[in-house]
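# Structure assessment
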Amino acid sequence: RKKIAVMTSGGDSPGMNAAVRAVVRTGIHYGCDVFAVYEGYEGLLKGGEYLRQMKWEDVRGWLSEGGTLIGTARCMEFRERWGRKQAAGNLISQGIDALIVCGGDGSLTGADLFRSEWPSLVEELVKDGKFTQEQVEPYQNLTIVGLVGSIDNDMAGTDSTIGAYSALERIIEMVDYIDETAKSHSRAFVVEVMGRHCGWLALMAGIATGADYIFIPERAVPHGKWQEELKEVCQRHRNKGRRNNTVIVAEGALDDQLNPVTADDVKNVLLDLGLDTKVTILGHVQRGGTAVAHDRWLATLQGVDSVKAVLEMTPQTPSPLIGILENKIIRMPLVESVKMTKSVATAIENKDFDKAISLRDTEFIE
Ligand code: F6P
């Protein structure tokens, strides 16, 4: 019987539970034993009770649960070879040689590295006397499949990551609330949203709420000049009769000299324009709450495909990342997607913002 483990890693995102549910039930459907790794890579390092076999009914009701019920962590030890060796030992002890990881690009890169090192880790475990050659014989290769769970929607090669639309929904709900009080007082609000180095949440929230102005890393504003432009835009909207102003700032926003643009910087400019201005940092409410329909079906379809991928893979198949492109669930080599994601960061570092935008596949940022 094939034994598969599923884990969530990095920042939680709505829809992770739906993904785990789909993996557990699809695995059982195909006659596999499915284990959940609790607490992300930390659980993999600890082993034992952190790896629990899941039954069909264990994931009942998980579609509508927010966060991740099997826990997650940002684990430093897994970045070290000794940590990955310990994790390999724990998987072999349970007879597991396939791992489905739902997380962001860092978690997935770690998983792929784990796979490439696996044969040498197994060899070392035998040398260390932890296992005999006979015991490790069936576990010569590790299968890794990646599901992208992140609210940031920052992974190249896939149109949306599990959790991004839920976070977006939360943001626009909050901005709608803010707009109501802002209009009452004729105020301006600067709303800071998450997204790390990616402007997708800010961009989409700006469009969905009709914000006056947005700041994102991929379309860096001109150093020393954006202040006047912002004032001009907000004033123009006021002149047309708008009673409030909403400016959305991505937490990773930059100017074109790569200086951060913070919510307070923006607030000071609006105060200078004479607007009664407040700042709201939405913070972790963006990650909370139940998943919207998009993330539930995305996680479910991708979870199903991740199990199929495990069953179809050979040791030669590159670790796949399950994505969605033009409404179709697709598989692409995980390393390719990570490489493309990293090249966006490099383009921004090189101040090549046009390239950053084209690499994000979000044509309408223009
Ligand atoms: O990657 C998801 C994310 O929510 C980012 O948008 C944010 O920068 C970061 O995680 C916050 O991390 P933490 O929850 O560890 O503070």
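Before reading further, recall that the structure is shown in the block above.
These lines cover the structure that appears in this document, whether it is placed above or below. These numbers come from a predicted model, not from an experiment. (Residues numbered from 1 in each chain as written. Predicted model: local features only at pLDDT ≥ 70, side-chain atom pairs only at ≥ 80, totals over all residues. Heavy atoms only, no water.)

## A word on a negative patch on the surface
Residues Glu39, Glu42, Glu77 and Glu80 make up a contiguous surface patch of negative charge. Tracing the backbone shows glutamate 42 in helix H2 (residues 40–46). (Patch = residues over 30% accessible without salt bridge, like charges linked within 9 Å, V, L, I, M, F, W, Y side chains within 5 Å. Areas by Shrake-Rupley, 256 points an atom, 1.4 Å probe, with all protein chains shown as cover. Salt bridge = Lys/Arg side-chain N within 4 Å of Asp/Glu carboxyl O. Lys, Arg positive; Asp, Glu negative; His and termini not counted. Charge placed at Lys NZ, Arg CZ, Asp CG, Glu CD. Helix = DSSP H or I, 4+ residues; strand = E, 2+ residues; numbered from the N terminus.)

## Some remarks on helix H8 (residues 226–239)
Here H8 contains 14 residues, and its C-alpha end-to-end distance of 20 Å stays within 8% of the 20 Å for a straight helix at 1.5 Å per residue. Three or more residues of H8 are buried, namely Trp226, Leu230, Lys231, Val233, Cys234 and Arg238. Projected down its long axis, H8 shows its buried positions confined to an angular sector of 165°, all on one face. Projecting away from the buried face of H8 at angles above 90 degrees are the exposed residues Glu228 and Asn239. Looking at the buried residues of H8, the elements they touch are strand E6 (188–193), strand E7 (213–215), strand E8 (245–250) and helix H9 (263–272). One or two positions beyond H8, positive phi appears at glycine 241, with a value near 110°. (Expected span 1.5 Å × (residues − 1). Buried < 20%, exposed > 50% of the residue type's maximum accessible area, 1.4 Å probe, protein only. Arc of directions from axis to C-beta. Contact = heavy atoms within 4.5 Å.)

## Focus: the nonpolar core
Counting 36 residues, the largest nonpolar core has Leu44, Leu99, Phe114 and Trp118 as its most contacted members. If you list the elements that add at least two residues to this core, you get strand E1 (3–8), strand E2 (33–37), H2, helix H3 (81–93), strand E4 (98–103), helix H4 (105–127), strand E5 (143–148) and helix H11 (334–349). Here the element with the most residues in this core is H4; it accounts for eight residues. Residues contacting phenylalanine 114, with those up to four places away along its chain left out, are Leu44, Phe78, Arg84, Ala87, Ala88, Leu91, Leu99, Leu121 and Leu142. Formed by 30 residues, the second largest nonpolar core is a distinct cluster that contains Val34, Val59, Val145 and Ala299. (Core = buried A, V, L, I, M, F, W, Y, C linked by side-chain atoms within 4.5 Å.)

## Remarks on the pattern of salt bridges
Here the idea is simple: oppositely charged side chains can pair when their charged atoms come close. Tallying each qualifying case throughout the model produces 19 salt bridges. Notably, a salt bridge pairs lysine 85 with glutamate 124, separated by 3.3 Å at the nearest N-O pair. With a gap of 39 residues between them, lysine 85 in helix H3 and glutamate 124 in helix H4 connect regions that are remote in the sequence. Given a relative accessible area of 19%, lysine 85 falls into the buried group. Among the residues examined, glutamate 124 registers a relative accessible area of 25% and is labelled partly exposed. Each of Arg81, Arg84, Lys85, Glu117, Glu124 and Asp128 takes part in one network of salt bridges that share partners.

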